[in-house]
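Here are the chains, one letter per residue:
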Amino acid sequence: MSPEAEKGEYAFDPGAAIIHHEEPGSFSMTPLWVIVRCRNEVWLYDFLRARYGGLHTAFPGIQKVADEMGVSRRTVEATLARLQAAGAVEVVNRYREDGGQTSNEYRTYFTPPEERGASRN
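To keep things clear, this report deals only with the structure shown in the data block. Keep in mind it's a predicted model, so treat the numbers as computed, not measured.

1. Observations concerning the pairing of strand E5 (residues 89-95)
Part 1 of the reasoning: Bridge analysis of E5 against strand E6 (residues 101-108) gives six bridges, and the strand direction is antiparallel. Counterpart to Arg94 in the pairing with E6 is Thr102.
Part 2 of the reasoning: The turn linking E5 back onto E6 is made up of five residues, and Gly99 within it adopts a positive phi angle of 95 degrees.

2. Some thoughts on helix H3 (residues 42-51)
Part 1 of the reasoning: Most of H3 is tucked away: seven of the 10 residues are buried.
Part 2 of the reasoning: Buried residues of H3: Val42, Leu44, Tyr45, Asp46, Phe47, Leu48 and Arg49, and no others.

3. Things to note about helix H4 (residues 62-69)
Note that an α-helix has 3.6 residues per turn; residues three or four places apart therefore point the same way.
Part 1 of the reasoning: When H4 is considered as a whole, its buried residues turn out to be Ile62, Val65 and Ala66. Along H4, the residues classed as buried sweep out an arc of 100 degrees about the axis, all on the same side.
Part 2 of the reasoning: Packing partners of the buried residues in H4 comprise H3, helix H5 (73-86) and E6.
Part 3 of the reasoning: At the exit of H4 stands Gly70, carrying a positive phi of roughly 70 degrees.

4. Remarks on the side chain of Thr108
Part 1 of the reasoning: Mapped onto the fold, Thr108 is located in strand E6.
Part 2 of the reasoning: On the basis of relative accessibility, which here comes to 3%, the residue Thr108 falls in the buried class.

The rules we used
- Residues numbered from 1 in each chain as written.
- Predicted model: local features only at pLDDT ≥ 70, side-chain atom pairs only at ≥ 80, totals over all residues.
- Heavy atoms only, no water.
- Pairing = 2+ DSSP bridges.
- Helix = DSSP H or I, 4+ residues; strand = E, 2+ residues; numbered from the N terminus.
- Buried < 20%, exposed > 50% of the residue type's maximum accessible area, 1.4 Å probe, protein only.
- Arc of directions from axis to C-beta.
- Contact = heavy atoms within 4.5 Å.

This is the structure:
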């Protein structure tokens, strides 16, 4: 076991092919296909799952995510685009009753797109 895992900060279980990040009040499981296809973008996938709604949908604004993660808005947008292209995240525009746009819905997927009948870009 790594020193990080012993401290409870980071643990990797190769048998389960899932990375666990633990902090007070948060938890995320990352499937191996996301790690392999999106290794540089996993931080945002995990953040959306752990911080906003857990397993499937999240509704934070781009700037809110950027502020909370300490990165630029452009970094969040580019990372979301790569996660979306890999089939790990779907971005759905949301609108208020008056027709104005509100924050997007981010759907995170645990199953690879080819297993759920979705296409990868």
